[in-house]
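Chain by chain, the residues run as shown.
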Amino acid sequence: MQKVNRTVIWQQHEKDLMRRALARAGEAEAAGEVAVGAVVELDGAVVADGNNRVIRDSDPSGHAEMVALRRACARVGNYRLPGATLYVTLEPCAMCAGALVHARIRRVVFAAWDPRVGAGGSIINLLDHPHMNHRCIVSAGLLAEEAEKMLRNFFVSRRG
């Protein structure tokens, strides 16, 4: 199994896209959702973004990655997005990782690690698993401190 790329020299456009994902995470937080945001880039352009909507939509699959992925597929008119990159503020879970693999996402860039349910390299790496029919390039840690701070503050405020 390939290792997650943890020593990336980030480009300015990558930072800008993760900042956009962080802005979507802030919108989720303001709506009472866990502060996670995602952006899908294809051919150098943003085709969709999203944030957590689990509570608002009463939908356990309403994770930021799934919302952004659905919007991107609808916009492109295809259930597959070869060549696309997903930027997300938190390491994808198994559900989201599976959907990203099925959508043939080329690369997944995430900010913060999720040591509880992460499926992009912390607990398991379904995004780059040798038995999967597609493997995503995984890059981790872009603007991690900002994402971790946002998540930490969200959970502190929820606990009172």
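Up top is the structure.
Residues numbered from 1 in each chain as written. Predicted model: local features only at pLDDT ≥ 70, side-chain atom pairs only at ≥ 80, totals over all residues. Heavy atoms only, no water.

1. Some words on the overall build of the chain
Here comes step 1: Within the chain, the secondary structure is distributed over five helices and five strands.
Here comes step 2: The helix and strand sequence of the chain, counted from the amino end, reads α-β-β-α-α-β-α-β-β-α.
Here comes step 3: For the chain, whose C-alpha radius of gyration is 14 Å, the value lies close to the compact-globule estimate of 15 Å for 160 residues.
Here comes step 4: For the C-alpha atoms alone, the extent of the chain along its principal axes is close to 45 × 35 × 30 Å.
Here comes step 5: By residue count, 51% of the 160 residues in the chain fall in the buried class.
Here comes step 6: Residue pairs at least 24 apart in sequence account for 60% of intrachain contacts in the chain once pairs closer than 6 positions are excluded.
Here comes step 7: With the model as given, the accessible surface of the chain reaches about 7,900 Å², and the carbon-plus-sulfur share is 52%. (Helix = DSSP H or I, 4+ residues; strand = E, 2+ residues; numbered from the N terminus. Rg over C-alpha atoms; globule rule 2.2 N^0.38 Å. Buried < 20%, exposed > 50% of the residue type's maximum accessible area, 1.4 Å probe, protein only. Contact = heavy atoms within 4.5 Å. Areas by Shrake-Rupley, 256 points an atom, 1.4 Å probe, with all protein chains shown as cover.)

2. Let's talk about the sheet that holds strand β4 (residues 107–112)
Here comes step 1: One open sheet accounts for five strands, arranged β2-β1-β3-β4-β5; its pairing is mixed. A strand with exactly one partner marks an edge of an open sheet, and here the two such strands are β2 (45–51) and β5 (137–140). Averaged over neighbouring strand pairs, the angle between their axes works out to 15° when direction is ignored.
Here comes step 2: In this structure, strand β1 (residues 37–42) lies alongside strand β3 (residues 85–90), joined through four bridges in antiparallel fashion. Bridging across to β3, Val39 finds its partner in Tyr87. (Pairing = 2+ DSSP bridges. Axes fitted to C-alpha atoms, helices over the stretch in contact; angles between N-to-C directions.)

3. Some remarks on the side chain of Asn125
Here comes step 1: Relative to the helices and strands, Asn125 is located in the loop between β4 and β5.
Here comes step 2: By relative accessible area, which is 4% here, Asn125 ends up buried.
Here comes step 3: A polar side-chain atom of Asn125 sits 3.1 Å from the main-chain amide nitrogen of Leu127. (Polar contact = N/O pair within 3.5 Å; in protein donor to acceptor, adjacent residues only side chain to side chain.)

4. Some words on helix α5 (residues 144–159)
Here comes step 1: Under the 1.5 Å per step criterion, the end-to-end length of α5 is 22 Å for 16 residues, consistent within 8% with the ideal 22 Å.
Here comes step 2: On its buried side, α5 packs onto α1 (12–30), β3 and β4.
Here comes step 3: Immediately downstream of α5, the backbone of Gly160 shows phi near 75°, a positive value. (Expected span 1.5 Å × (residues − 1).)

5. Brief notes about helix α3 (residues 64–76)
Here comes step 1: The end-to-end C-alpha distance of α3 is 18 Å, a good match for the 18 Å that 13 residues give at a rise of 1.5 Å each.
Here comes step 2: Along α3, the positions that sit buried rather than exposed are Ala64, Glu65, Met66, Val67, Ala68, Leu69, Ala72 and Cys73.
Here comes step 3: Gly77, located one to two residues past α3, shows a positive phi value of around 80°.

6. Let's talk about the pairing of β2
Every other side chain in a regular strand lies on the same face of the sheet, so the side chains alternate between the two faces.
Here comes step 1: Taking burial as the measure, the seven residues of β2 include five buried ones, the bulk of the element.
Here comes step 2: The pairing of β1 with β2 spans six bridges and is classified as antiparallel. Bridge pairing links Glu41 to Val46 in β2.

So far we have only geometry, and geometry alone does not tell us how the molecule works.
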